Amino acid sequence: MRDFDIIVYGATGFTGRLVAEYLTQIGAQRWAMAGRSLSKLQEVRDLIGAPADTALLTANSDDPASLRALCERTQVVLTTVGPYQLYGSDLVAACAATGTAYVDLCGEPAWMREMIDAHHETAKASGARIVFSCGFDSIPFDLGVLTLQDAAKAKFGHPLPRVKGRVRKMQGGFSGGTAASLKATLAAAAKHPSVVGLLVNPFALTPDFEGPSQPKGLLPEYDRTIEAWVAPFIMAPINTKNVHRTNFLLGQAYGRDFVYDEMMVAPGIGEMGKAAAEAIARINPLASDKGPKPGEGPSREERDAGFYDLLFIGEGANGERIDCVVTGDKDPGYGSTSKMIAETALCLVEDVTGDGGIWTPGALMGRVLADRLQAKAGLTFRAG
C-alpha cells in the first residue's frame, strides 16, 4: 500500500494552493503537498489552515529521480505545474513507469499527443491511468457532450452525429497558467512547424483516425439553431480535440461521422449581436499582459462571483434534437477548476478502477465523474 492517496504537486502555486485548500476544507485524508521549496510548502500549509501533520514533500521538475520517488509513494499525482510541455514530461514518464495515476490541467494539444505516442503503451502495461485536461478545459465540455449523447441513445436509440457547444454566459477569466501554456505552445510552433499541424487538426489526439471535416469556428456567424450571433471561443481548439478523443477511446460511441464545434454566444440581437460577435472575435483574452501571471490570480470574492453556463445542442439527420446545459458555480479558471481537478483525483481513488493508458475524463470516468462533480463541486449537467 502506498503512503498517500493524492499528492498535490505544485501546491505553492496559485491554483495548486486552491486545490490544497479545497482538500483541507472537505477533510480529505491521506494526501500530501509537494513542490520545490520546503519553506514555501510550510508557509502555504499554514496559510490555508491545513493540519500541522500534513505531509510536505520536495521534488523538482528537472530532477527525474525526485519525481519517480514522488510517484512511488502515492496512488494519484495531481499536478498544477505548467506549462506542461516545459515541466511535465518527466512526471508523465515517471507515472507511466510506476503505475501511478495522474491528473493535470493541460490545454497543450501538441504536448499531449507527444505524451500519448511516448507513454500510452507503457501506461497500459503498468496500469497507470493518466488523465489530461481535468479543469475548465475540458471537463464541462467533455462531460457535457457525453451527457447529451447518453440522453440521445436513451431517447432515440442512437447518438446524434452533430453537436454544437455554445458558451452562453461566463464570468471570470482564464488562469495565468493557461496564458503561459498558450505562449509556450506558440513558441514551440515557431521552432517546430509540425506542431502547427497538430494545433489545427481536430483529430490530433486520435492516432490513426481522421473523422469528417469539422467547422473551423474562426469567424463570427449567425447560428440559426439558437437564433443568435456566435463568435470564436478561445478554448475550442483544445476542448474539441478532447471530445473527439473521448469518442475515439469509447470505440466511436458518438459515431465515426461525429461533428462538433464550440462558439461563444454574443449578447444582443440583430446588428447589435453581429457587432458584439465581431468585437469578441477581435479580442484574445490570453494575448494581453494585463491578466494574471502564473502563480497569481483573482481574489476569493472575484472567484466566488464567477460562473459559467454552457449549452450543447445535438441534432440528427431526421430532425432529432436534444439539448444539454452545463453550469458551474465559480469562476472557470480558478474556483471551479480547482474543485474539478481535486474531485477528479478523488474519483480515481474512490470510484473508478479502469485500465491503464492515457485517457480523457469522459472516456475513463464518464457519468461517475459527472455525478460526483454535481454532488460535490458545484456543477450541473441537465439533458433533455
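Once a new chain begins, its residue numbering starts again from 1 and follows that chain's sequence as written. In keeping with the predicted nature of the model, local features appear solely for residues at pLDDT of at least 70, side-chain atom pairs appear and are counted solely at 80 or more, and the whole-chain, interface and lining totals rest on all residues. No hydrogens and no water enter the side-chain calculation; it runs on all heavy atoms of the structure.

Asks: Any chance you could explain the overall build of the protein chain here in plain terms?
Replies: A count of helices and strands for the protein chain gives 15 helices and 14 strands. Every radius of gyration here is taken over C-alpha atoms, with the globule rule written as 2.2 Å times N^0.38, N being the number of residues. Against the compact-globule benchmark of 21 Å for 384 residues, the protein chain has a radius of gyration of 20 Å, which places it among compact chains. A burial count over the protein chain gives 56% of its 384 residues as buried. Note on definitions: a residue-residue contact is assigned when non-hydrogen atoms from the two residues lie within 4.5 Å. Here the analysis covers contacts within the protein chain between residues at least 6 apart in sequence; of these, 76% occur between residues at least 24 apart. The Shrake-Rupley method, run with a 1.4 Å probe sphere, supplies the accessible areas, and residue values consider only the shown protein chains as cover. Of the roughly 15,900 Å² of accessible surface on the protein chain, 52% is carried by carbon and sulfur atoms. Only runs of H or I of at least four residues qualify as helices and only runs of E of at least two qualify as strands under DSSP, and these elements are numbered from the N terminus. Exposed residues in this analysis have more than 50% of their type's maximum accessible area, buried residues have under 20%, and partly exposed residues fall in between, with area computed by a 1.4 Å probe over protein chains only.

Asks: What should I look at first to understand the pairing of strand β9 (residues 228–232) in this one?
Replies: In terms of burial, β9 is largely enclosed, as five of its five residues are buried. With three bridges joining them, strand β8 (residues 221–223) and β9 adopt antiparallel strand pairing. Bridging from a neighbouring strand, E221 pairs with V230 of β9. Strands pair, by our definition, only if DSSP identifies at least two bridges between them. Where β8 folds back on β9, the antiparallel hairpin that results is connected by four residues, among which E227 adopts a positive phi of roughly 55°.

Asks: How should the side chain of E262 be read in this particular structure?
Replies: With respect to the element layout, E262 can be found in strand β10 (residues 259–265). One buried charge, E262, has no salt-bridge partner; the nearest side chain with opposite charge is R166, at 8.1 Å. Pairs of N or O atoms within 3.5 Å make up the polar contacts considered here, provided that, within protein, one atom can donate a hydrogen while the other can accept it, and that residues adjacent in sequence are counted only when both atoms are side-chain atoms. Within the local environment of E262, its side chain forms a polar contact with the side chain of N239, the two groups lying 3.0 Å apart. A distance of 2.5 Å separates the side chain of E262 from the side chain of Y260, its partner in a polar contact. Non-local contacts of E262, meaning those with residues more than four positions away in its chain, are made with F141, G165, R166, F233, M235, A236, N239 and T240. The positive count covers Lys and Arg only, the negative count covers Asp and Glu only, and His and the chain ends enter neither. The salt bridge definition used is simple: a Lys or Arg side-chain nitrogen within 4 Å of an Asp or Glu carboxyl oxygen.

Asks: What exactly am I supposed to notice about the sheet that holds strand β4 (residues 74–79) here?
Replies: For sheets, the rule is that strands pair by backbone hydrogen bonds, running either parallel or antiparallel. Here we have seven strands laid out as an open sheet, ordered β3-β2-β1-β4-β5-β6-β13, and parallel in their pairing. This sheet does not close on itself; its edge strands, each paired only once, are β3 (55–58) and β13 (357–359). Within the sheet, the average angular offset between the axes of one strand and its neighbour, ignoring direction, is 20°. An axis is simply a line fitted to the C-alpha atoms; with a helix, the fit covers only the stretch in contact. Between two such axes, the angle follows the N-to-C directions and lies from 0 to 180 degrees. Together, β1 (4–9), β4, β5 (101–103) and β6 (129–131) form the strand contacts of helix α5 (residues 89–98), whose direction differs from that of β5 by roughly 150°. Here helix α6 (residues 109–126) sits on the sheet in contact with β5, β6 and β13, set at roughly 140° to β13.

Asks: Help me out: how do you make sense of unusual backbone geometry in this one?
Replies: Negative phi characterises most residues that are not glycine, and trans characterises most peptide bonds. The amide bond that connects G82 to the next residue, P83, takes the cis arrangement and shows omega of -5°. Residues D137 and S138 are joined by a peptide bond in cis, for which omega reads 15°. Within the chain, D208 stands out as a residue other than glycine whose phi angle is a positive 70°. Its location among the elements puts D208 in the loop between α9 (194–200) and β8. On the accessibility criterion, D208 (85% relative accessible area) is exposed. One non-glycine residue with positive phi stands out, namely E227, at about 55°. Relative to the assigned elements, E227 resides in the loop between β8 and β9.

Asks: Would you mind going over the sheet that holds strand β14 (residues 379–383) with me for this structure?
Replies: An order of β8-β9-β10-β7-β11-β12-β14 is seen for the seven strands of this open sheet, with the pairing classed as mixed. Pairing within the sheet leaves two strands with one partner each, and these edge strands are β8 and β14. Ignoring strand direction, the axes of neighbouring strands in this sheet form an average angle of 30°. Two elements, strand β7 (residues 162–171) and β10, share six bridges in a ladder whose sense is parallel. Its bridge partner lying in β10, R166 is registered against M263.

Asks: Honestly, the packing of helix α1 (residues 14–25) against helix α2 (residues 38–48) in this entry has me stumped. Any pointers?
Replies: The description of two helices packed together rests on the angle between their axes and the distance between the axes. Where α1 contacts α2, the two axes come as close as 10 Å, and the packing angle between them is 45°. Considered as vectors, α1 and α2 are oriented oblique to each other. Of the two possible hands of crossing, α1 and α2 adopt the one that is right-handed. Listed contacts from α2 to R17, A20, E21 and T24 of α1 are V44, L47 and I48. For this classification, the nonpolar set comprises Ala, Val, Leu, Ile, Met, Phe, Trp, Tyr, Cys and Pro, the charged set comprises Asp, Glu, Lys and Arg, and every other residue, Gly included, is treated as polar. Looking at the contact of α1 with α2 residue by residue, the class counts come to four nonpolar, one polar and two charged. Roughly parallel covers angles under 35 degrees, roughly antiparallel covers those over 145, roughly perpendicular covers 65 to 115, and oblique covers all other angles. Each crossing gets its handedness from the near helix: less than a right angle anticlockwise from the far helix is left-handed, clockwise is right-handed.

Asks: Can you walk me through the packing of helix α13 (residues 332–350) against helix α15 (residues 366–376) in this structure?
Replies: At their nearest, the axes of α13 and α15 sit 10 Å apart, and the two run at 125° to each other. As far as their axial angle goes, α15 and α13 are oblique. Where α13 crosses over α15, the two elements pack in a sense that is right-handed. The residues of α15 that touch α13, namely those facing M340, E343, T344, L346, C347 and E350, are V368, L369, R372, L373 and K376.

Asks: Would you mind going over helix α7 (residues 139–156) with me for this structure?
Replies: Since the α-helix turns once every 3.6 residues, residues separated by three or four places project in the same direction. For α7, spanning 18 residues, the distance from its first C-alpha to its last is 25 Å, which sits close to the expected 26 Å at 1.5 Å a residue. Considered for burial, the residues of α7 that qualify are I139, P140, F141, D142, L143, G144, V145, L146, T147, L148, Q149 and A152. How far a helix is expected to stretch is found by multiplying one less than its residue total by 1.5 Å.

Asks: Help me understand the pattern of salt bridges, please; the structure alone is not making it clear to me.
Replies: Where charged atoms from two side chains of opposite charge come close, those side chains can pair. A full pass over the atoms with the stated rule returns 20 salt bridges. Linking R300 and E21 is a salt bridge whose minimum nitrogen-to-oxygen distance equals 2.9 Å. Of the two residues, R300 sits in helix α12 (residues 300–305) while E21 sits in helix α1, which places them 279 residues apart along the sequence. On the accessibility criterion, R300 (40% relative accessible area) is partly exposed. For the salt bridge of K124 with E121, the shortest nitrogen-to-oxygen distance reads 3.9 Å. In this pair, K124 and E121 are both assigned in helix α6, three residues apart and thus about one turn of the helix distant. In this structure K124 comes out as partly exposed when scored by relative accessible area, which is 45%. Residue classification places E121 among the exposed residues on the basis of a relative accessible area of 53%.

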